[in-house]
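Take a look at the letters that make up each chain.
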Amino acid sequence: MQKPQTTRRALLRSLFATGMTLFMPVITQCSRKRALESLNTTPYAEEKTEGTNPGTIKEDELNNPAVTYCPRKCTLESLNIIPRAEWKAVEPNLEAAEENGVYDPQTNPAGWLVYTQPLTEVLNTIIVHHSALPLSDGPLEIQYKHMKQKGFADIGYNFIIDEVGQIYEGRNINTRGAHTGGHNTGTVGIVLLGNFEETTPPEIQLVALKTLGQCLKDEFNNITHLAGHRDFQPEVTVCPGKNLETLLPNLSIELGLDFGIEGYISPQLLLNTQ
Ligand SMILES: [Zn+2]
């Protein structure tokens, strides 16, 4: 019997058929070098062509976005995340009213917690927020509000995505966030700039959210769930706004995650501080 051959054209067709177009802006953010390095290992397409050789793609073909594709395993490092220094973040204040001092399970459970376990064991749920502020209020303004008005030690979110899809580093991902009351341990807080009770997030911002979600899932494989802020605190907030919240179940499916709060693990269980 003749061995099945997967041509590059068939490979590309399968990529487009599986919604690869949504990943295109992602690819421009993925490092070209990393993409090259991964080409002969395990590209996404391999799952669709089991038992066949997806072939290799030469560097010059990477210059054409129509024939590039994302490495199978995305990493945060491969995204052009704008670092804190670039948006002039101030240093965390560990004497802040709401996160006063360093975490201690007995004496200061609300303190500043830098996870000691590997993040792959700790992180379980991505929580999506909107800023509910004018678009002119970016990471620096949010950090100021969180620190000066809410008494947090730092900006509460781990990542910020602006209206043109740029991703900013927020609170270091090794550190517990301050974004979803009572559910910050083991969750990753991502805020999209805008008020999505009133407007709809632009496509490019949603693509960035999906990209970031994919990388987080790839990098931290205990992340099983994605939810909106209001799924955790329906009595308290409408965040991330009805026009974003309604998109999240489908986004979860696209990312291979479950939608909702069931993946959340209490700090006592997660951190073994019974
Ligand atoms: Zn929120």
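Residues numbered from 1 in each chain as written. Predicted model: local features only at pLDDT ≥ 70, side-chain atom pairs only at ≥ 80, totals over all residues.

A.B. asks: Would you explain the overall build of the protein chain in this entry?
C.D. replies: Across its full length, the protein chain carries 11 helices and six strands. For the protein chain, the residues scored as buried account for 38% of the 274 residues in total. Residue pairs at least 24 apart in sequence account for 73% of intrachain contacts in the protein chain once pairs closer than 6 positions are excluded. (Helix = DSSP H or I, 4+ residues; strand = E, 2+ residues; numbered from the N terminus. Buried ≥ 20, exposed ≤ 12 C-beta atoms within 10 Å, placed from the backbone. Contact = placed C-beta atoms within 7 Å.)

A.B. asks: Got a minute to help me understand the sheet that holds strand E5 (residues 225–228) in this structure?
C.D. replies: Spatially, six strands are ordered E3-E2-E4-E1-E5-E6 in an open sheet, and the strand pairing comes out mixed. Here the strands that pair on one side only, and so sit at the sheet edges, are strand E3 (167–169) and strand E6 (258–259). Where strand E2 (residues 159–161) and E3 come together, three bridges link them in antiparallel fashion. In the strand pairing of E3, Phe159 is matched with Glu169. Along the sheet, helix H7 (residues 203–219) makes contact with strand E1 (125–130), E2, E3, strand E4 (187–192) and E5, crossing E4 at roughly 165°. (Pairing = 2+ DSSP bridges. Axes fitted to C-alpha atoms, helices over the stretch in contact; angles between N-to-C directions.)

A.B. asks: Sorry if this is basic, but what is going on with the environment of Gln117 here?
C.D. replies: Along the polypeptide, Gln117 turns up in the loop between helix H4 (59–62) and helix H5 (119–122). For Gln117, a count of 11 C-beta atoms within 10 Å translates into the label exposed. Sequence-wise, Gln117 and Leu270 are 153 residues apart; in three dimensions their C-alpha atoms are separated by 9.6 Å.

A.B. asks: Help me understand the nonpolar core in this model?
C.D. replies: Formed by 32 residues in total, the largest nonpolar core has its most connected members in Ile126, Val128, Phe159, Ile160, Ile161, Ile190 and Leu212. Among the elements that take part in this core, H7 stands out by supplying five residues, more than any other. Setting aside its immediate chain neighbours within four residues, Ile126 contacts Val188, Ile190, Gly213, Leu216, Ile223 and Leu226. Ranked by size, the runner-up nonpolar core spans eight residues in total, among them Ala96, Tyr103, Leu113 and Ala153. (Core = buried A, V, L, I, M, F, W, Y, C linked by C-beta atoms within 7 Å.)

A.B. asks: Would you mind going over the environment of Cys74 with me for this structure?
C.D. replies: When you line up the elements, Cys74 lands in the loop between H4 and H5. A C-alpha to C-alpha distance of 7.0 Å links Cys74 and Glu219, two positions 145 residues apart in sequence. Those residues within four positions of Cys74 in sequence are excluded, and the remaining contacts are Gln214, Cys215 and Asp218.

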